[in-house]
Amino acid sequence: QVQLVESGGGLVQPGGSLRLSCAASGFTFSSYAMSWYRQVPGKEREWVASYADSIEDRFTISRDNAKNTVYLQMNSLKPEDTAVYYCYARTVRGEYWGQGTQVTVSS
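All of these numbers come straight from a predicted model, not from anything done at the bench.

> Would you mind showing me how to read the pairing of strand β3 (residues 18-25) here?
Consecutive residues of a regular strand have side chains that alternate between opposite faces of the sheet. As paired elements, strand β1 (residues 3-7) and β3 share five bridges and run antiparallel to each other. Bridge pairing in β3 links V5 to A23. In the sheet, β3 pairs with strand β8 (residues 69-74) via six bridges, with the strands oriented antiparallel. Bridge assignment links S21 to a residue of β8, and that residue is Y71.

> How do you make sense of the sheet that holds β3 when you look at a structure like this?
Strand pairing in a sheet relies on backbone hydrogen bonds, with the paired strands running either antiparallel or parallel. Strand order in the open sheet formed by four strands is β1-β3-β8-β7, and the pairing between neighbours is antiparallel. With one partner strand each, in any of the chains shown, β1 and β7 (59-64) form the two edges of the open sheet. Adjacent strand axes in the sheet meet at a mean angle of 20 degrees when their direction is disregarded.

> Sorry, what's going on with the state of the cysteines here?
Here a disulfide denotes a covalent bond joining the sulfur atom of one cysteine to the sulfur atom of another. For the structure shown, the criterion picks out one disulfide. Across the disulfide, C22 is cross-linked to C87 (sulfur-sulfur distance 2.1 Å). Handedness of the C22-C87 disulfide follows from its S-S torsion of about -85 degrees: it is left-handed. Taken together, the residues span a long stretch of sequence, with C22 in strand β3 and C87 in strand β9 (residues 83-91) at a distance of 65 residues.

> What should I look at first to understand the environment of G94 in this one?
Among the secondary structure elements, G94 is positioned in strand β10 (residues 94-97). What makes G94 partly exposed here is its relative accessible area of 24%. For G94 and R19, which are 75 residues apart along the polypeptide, the C-alpha to C-alpha distance reads 27 Å.

> Which parts of the structure should I look at to understand the pattern of salt bridges?
Two side chains with opposite charge may pair up if their charged atoms get near one another. Under the defined criterion, the tally for this structure stands at three salt bridges. In this structure, R38 and E46 form a salt bridge, with 2.9 Å as the shortest nitrogen-oxygen distance. Judged by relative accessible area, E46 falls into the partly exposed class, the value being 34%. For R58, the salt bridge identified is with D81, shortest N-O distance 2.7 Å. Of this pair, R58 sits in the loop between β6 (53-54) and β7 while D81 sits in the loop between β8 and β9, and the two are 23 residues apart along the sequence. Residue classification places R58 among the buried residues on the basis of a relative accessible area of 16%.

The rules behind these values
Residues numbered from 1 in each chain as written. Predicted model: local features only at pLDDT ≥ 70, side-chain atom pairs only at ≥ 80, totals over all residues. Heavy atoms only, no water. Pairing = 2+ DSSP bridges. Helix = DSSP H or I, 4+ residues; strand = E, 2+ residues; numbered from the N terminus. Axes fitted to C-alpha atoms, helices over the stretch in contact; angles between N-to-C directions. Disulfide = S-S within 2.5 Å. Buried < 20%, exposed > 50% of the residue type's maximum accessible area, 1.4 Å probe, protein only. Salt bridge = Lys/Arg side-chain N within 4 Å of Asp/Glu carboxyl O.

Right under this line is the structure:
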């Protein structure tokens, strides 16, 4: 079975940084692209980053195929970045989402 597990979220002050992780299992991780999305209650889920692209220059996606893990480095965080962040995979058998990790940017 496919499983995506996010971690690394939490409370951070404005201007701070976080690195989110997504550990994947149940498919050939190195063969597929991965993405990050985020969602605020009452709003649509929003694309954040895929390989070589992101919603903001201060967000950077990377991966370690040996560890079956994809990362999202977030710098210069702002209160409007507060959301639940989700890992996403599209494979030949379907599309999959993790359960999400909460990021809160506040003083």
